[in-house]
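Structural features, examined
Here are the chains, one letter per residue:
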Amino acid sequence: MRLLFCTLVMLLVMGWPARLPAGAVSSVTGEPTPLTKLEPHYRASVLRGWQSFQTSFAVDGVACVDCHLRLESLGRWAAAYPKVEVFDGSSYRVKSLRQVVLEALERHTDLPRARRIGLVEDLVAFLSWWGEGRVMQPGRSRLLPPPAADLALLRVAVRRGEDFVREHWIDGCGACHRLGDGRDPTRAPLDRAASRFPRFVPAAGGVVSLETFLAGHLRHSGNEEWSPECETVISLSAYLASLAEATTYLPGHPGDRSLEQADE
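First things first, this report covers the structure right here in the doc. None of these values were measured; they are calculated from a predicted model.

Definitions and cut-offs
- Residues numbered from 1 in each chain as written.
- Predicted model: local features only at pLDDT ≥ 70, side-chain atom pairs only at ≥ 80, totals over all residues.
- Heavy atoms only, no water.
- Helix = DSSP H or I, 4+ residues; strand = E, 2+ residues; numbered from the N terminus.
- Contact = heavy atoms within 4.5 Å.
- Areas by Shrake-Rupley, 256 points an atom, 1.4 Å probe, with all protein chains shown as cover.
- Salt bridge = Lys/Arg side-chain N within 4 Å of Asp/Glu carboxyl O.
- Phe/Tyr/Trp six-rings, centres within 6.5 Å; stacked < 30°, edge-to-face > 60°.
- Buried < 20%, exposed > 50% of the residue type's maximum accessible area, 1.4 Å probe, protein only.
- Core = buried A, V, L, I, M, F, W, Y, C linked by side-chain atoms within 4.5 Å.
- Axes fitted to C-alpha atoms, helices over the stretch in contact; angles between N-to-C directions.
- Parallel < 35°, antiparallel > 145°, perpendicular 65-115°, else oblique.
- Nonpolar A, V, L, I, M, F, W, Y, C, P; charged D, E, K, R; others polar.
- Expected span 1.5 Å × (residues − 1).

**Some details on the overall build of the protein chain**
Of regular secondary structure, the protein chain possesses nine helices and six strands. The long-range fraction of contacts in the protein chain, counting pairs at least 24 apart against all pairs at least 6 apart in sequence, stands at 64%. Carbon and sulfur atoms form 56% of the exposed surface of the protein chain, whose accessible area is close to 13200 Å².

This is how it looks when you write it as structure tokens:
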């Protein structure tokens, strides 16, 4: 509790958002909802992520904040993933923000894998909070346009994810979800799902990224084991992000009740 109080005071002193009304969402400037207005589980995750962002887990003393000094620049990240991201010579492929954060932890910390996994969801929550209110623009995390080859690879992932959904629609996805302008209130919409993660999912026991949710959702649905970083899950995430393109990014916000019921 003392850490939470001190962190809140520090954030307010730094001039972080503190005056928007409850439920307010800013424009494309990326200014997020004040911490005090966030869903409690999501707020706690964001604060833990901020603490990890400024903490070194390596003998050289380097922390995330040492390279990413302008926190406002973080706002372009979350609403742009999945996207092609080559990080420190890593593989050229479409990745989620979660995967990129894991790669950064692997290269710039001395932590064992289990500890890295334990940090990643909160770090993604912190980075995603900075992106709230932005327009969903998969593949475009920088001011300059991305290479055409990167966008082409992203389109391949989107098609792969769409094919998976259509292949499993009748005997799986379509039983609980709807696409497009479907108005069935008993089925959770897919077109806004990507814009609401990471968020608190009771069945998962905490705040999770979209990829972690999808991997668990597939396991729960009886499919084979999928990890949040596997190609199928990333492709599904890319497809869902494409459906949400041009909508407002609202991580941590629960959305309508039908989407909540799909988690239970």
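That covers the picture; the talk isn't over yet.
**Considerations on the side chain of Thr232**
Examined against the element boundaries, Thr232 turns out to sit in helix α8 (residues 231-243). Setting aside its immediate chain neighbours within four residues, Thr232 contacts Phe164 and Trp226.

**Considerations on the pattern of salt bridges**
Tallied over the entire structure, the rule returns nine salt bridges. The residue Arg142 makes a salt bridge to Glu85 at a minimum N-O spacing of 3.2 Å. With Arg142 in the loop between α5 (113-130) and α6 (148-167) and Glu85 in the loop between β1 (83-84) and β2 (94-95), this residue pair connects regions lying 57 residues apart in the sequence. Where Lys95 meets Glu103, a salt bridge forms, and the shortest distance between an N and an O atom there is 3.0 Å. Through salt bridges with shared partners, one network takes in Lys83, Glu85 and Arg142.

**With respect to the packing of aromatic side chains**
The tally for this structure, following the rule as stated, stands at five aromatic pairs. Their ring planes at 25 degrees and their centres at 6.3 Å tell us that Trp50 and Phe53 sit as a pair that is stacked. Taken together, the positions of Trp50 and Phe53, both in helix α2 (residues 40-53) and three residues apart, correspond to about one turn of that helix. For the pair formed by Trp50 and Phe53, the shared burial category is buried. For the pair Phe53 and Phe126, a centre-to-centre distance of 5.1 Å together with 50 degrees between the ring planes defines the contact as tilted.

**What to know about the nonpolar core**
The tendency in soluble globular proteins is for nonpolar side chains to be buried as a group. Judged by nonpolar contacts, the single largest core of 57 residues is most densely connected at Val46, Phe53, Val101 and Phe126. Contributing elements (two or more residues each) for this core: α2, α4 (97-108), α5, α6, β6 (206-208), α7 (210-220) and α8. The element contributing the most residues to this core is α5, with nine residues. With near-sequence residues (within four places) excluded, Val101 lies in contact with Val120, Leu123, Val124 and Leu127.

**Description of the environment of Val94**
For Val94, the position within the fold is in strand β2. Take Val94: its relative accessible area is 7%, and that puts it in the buried class. When the C-alpha positions of Val94 and Ser235 are compared, they lie 8.2 Å apart, and in sequence the two are 141 residues distant. In this view, Val94 contacts Pro82, Lys83, Val84, Gln99, Leu153, Leu154, Ala157 and Ile234; residues no more than four positions away in its chain are not counted.

**Quick word on the packing of α6 against α8**
At their nearest, the axes of α6 and α8 sit 7 Å apart, and the two run at 95 degrees to each other. Accordingly, the angle class assigned to the pair α6 and α8 is roughly perpendicular. Where α6 approaches α8, its residues Leu154, Ala157, Val158, Arg160, Gly161, Glu162, Phe164 and Val165 are matched on the opposing element by Glu231, Thr232, Ser235, Leu236, Ala238, Tyr239 and Ser242. Of the residues belonging to the contact of α6 with α8, the class tally is eight nonpolar, four polar and three charged.

**Quick notes on α8**
Taking 1.5 Å of rise per residue, 13 residues should cover 18 Å, and α8 covers 18 Å from first to last C-alpha, within 8% of that figure. Among the 13 residues in α8, 10 count as buried, and that is most of the element. What α8 keeps buried is the set Thr232, Val233, Ile234, Ser235, Leu236, Ser237, Ala238, Tyr239, Leu240 and Ala241. Contacts from the buried residues of α8 go to β2, α4, α6 and α7.

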